[in-house]
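What the coordinates show
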Amino acid sequence: MSTTPVIGVLALQGDVREHLIALATADAVARPVRRPEELAEVDGLVIPGGESTTISKLAELFGLMEPLRARVRAGMPVYGTCAGMILLADKILDPRSGQESLGGIDMIVRRNAFGRQNESFEAAVHVRGVEGAPVEGVFIRAPWVESVGAAVEVLAEHEGHIVAVRQGDALATSFHPELTGDHRLHGLFVDMVRAKGAAGSL
């Protein structure tokens, strides 16, 4: 891999454009991913917010679900925001009918835990590994993490609930950093992808 990683954004639903801009600002080559052959060409992937059930059903429809699972199992760096966090959970509390997850992070996630759309809010969140001022978290029908396994590092909490985690090359946040103009979390993920590529080239 070159020093500039190629990072895809799963472009089935959600804030795809905003994530592409944030990744490009963080010195990555950013590409939308809708098909298995596009997935095969990226070094890492962002799974954006949206509606997690819809995203999982569209991924099945586009033939992406199994290739996604295979890449995540093989250690491809992946970052899920909001609905993306739900898709990366090994277990979802009260999943909707037909909802599937990719897995990848040993956590149990509660959907819409912070309330409905009209209860959306912003809050300053201290995220481990992100230097400087707190990250401004935008919470929109956001999940939270009920519990994590021993291999999962908790990066942030809000009001006693886990809202950011990392397990190996998988990162997830309950909130939407792509909506704030603060690209430090995307920068953290780009660094993860770059480090993975450097390790793979040894």
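**Quick word on unusual backbone geometry**
Even without being glycine, Cys82 reaches a positive phi, approximately 55 degrees. Summarising the element assignment, Cys82 is placed in the loop between β4 (78–81) and α5 (83–88). Relative accessible area serves as the criterion here: at 4%, Cys82 is assigned to the buried category. Of note, Glu159 is a non-glycine position whose phi angle comes to about 50 degrees, a positive value. Along the chain, Glu159 falls in the loop between β10 (153–158) and β11 (161–167). Among the residues examined, Glu159 registers a relative accessible area of 65% and is labelled exposed.

**Let's talk about the packing of aromatic side chains**
Throughout the structure, instances matching the rule amount to six aromatic pairs. For the pair Phe114 and Trp144, a centre-to-centre distance of 5.0 Å together with 85 degrees between the ring planes defines the contact as edge-to-face. Taken together, the residues span a long stretch of sequence, with Phe114 in the loop between β6 (105–110) and β7 (121–125) and Trp144 in strand β9 (residues 144–148) at a distance of 30 residues. Judged by its relative accessible area of 14%, Phe114 is buried. Pairing Phe139 with Phe175 gives two aromatic rings, centres 5.5 Å apart and planes at 55 degrees, and the pair type is tilted. Of this pair, Phe139 sits in strand β8 (residues 135–139) while Phe175 sits in the loop between β12 (170–173) and α6 (184–200); the two residues are 36 residues apart in sequence, bridging distant segments of the chain. Take Phe139 and Phe175: they sit in the same class, and that class is buried. Joined through ring pairs, the aromatic side chains of Phe114, Phe121, Phe139, Trp144 and Phe175 make up one cluster.

**Considering helix α1 (residues 16–25)**
An α-helical segment advances 3.6 residues per turn. Residues three or four places apart therefore align on the same side. Within the span of α1, buried status applies to Val16, His19, Ala22 and Leu23. The buried side chains of α1 occupy one side of the element, clustering within an arc of 130 degrees when seen end-on.

**Some details on the pattern of salt bridges**
The full count for this structure, using the stated rule, is 11 salt bridges. A single salt-bridge network, built from bridges that share partners, covers Arg35, Glu37 and Glu38.

**As for the nonpolar core**
The biggest cluster of nonpolar side chains holds 33 residues, and the ones touching the most others in it are Leu39, Ile47, Leu68, Ile105, Met107 and Val165. Take this core: its biggest share by element is five residues, from α5. Once residues within four sequence positions are removed from consideration, Leu68 is found in contact with Leu10, Leu39, Leu45, Ala59 and Leu102. Formed by 31 residues, the second largest nonpolar core is a distinct cluster that contains Val46, Val125, Phe175 and Val190.

Scoring rules and cut-offs
- Numbering of residues starts from 1 in every chain and runs along the sequence as written.
- The predicted origin of the model limits local features to residues at a pLDDT of at least 70 and limits the giving and counting of side-chain atom pairs to 80 or more, whereas totals for whole chains, interfaces and linings rest on all residues.
- Side-chain measures were taken over the full set of non-hydrogen atoms in the model, leaving aside hydrogen atoms and water.
- Counting from the N terminus, the helices are the DSSP runs of H or I reaching at least four residues and the strands are the DSSP runs of E reaching at least two.
- Buried residues are those whose accessible area, probed at 1.4 Å on protein chains only, stays under 20% of the maximum for their type, while exposed residues exceed 50% and partly exposed ones sit between those limits.
- Pairing of aromatic side chains requires ring centres within 6.5 Å, counting the rings of Phe and Tyr and the six-membered ring of Trp. Pairs whose planes differ by under 30 degrees are stacked, by over 60 edge-to-face, and all others tilted.
- Here the arc refers to the set of directions running from the helix axis out to each C-beta atom.
- Take a side-chain nitrogen of Lys or Arg and a carboxyl oxygen of Asp or Glu: if they are within 4 Å of each other, that pair is a salt bridge.
- By convention a nonpolar core is built from buried Ala, Val, Leu, Ile, Met, Phe, Trp, Tyr and Cys residues, the set being connected through side-chain atoms within 4.5 Å.
- Two residues form a contact once any of their heavy atoms are found within 4.5 Å.

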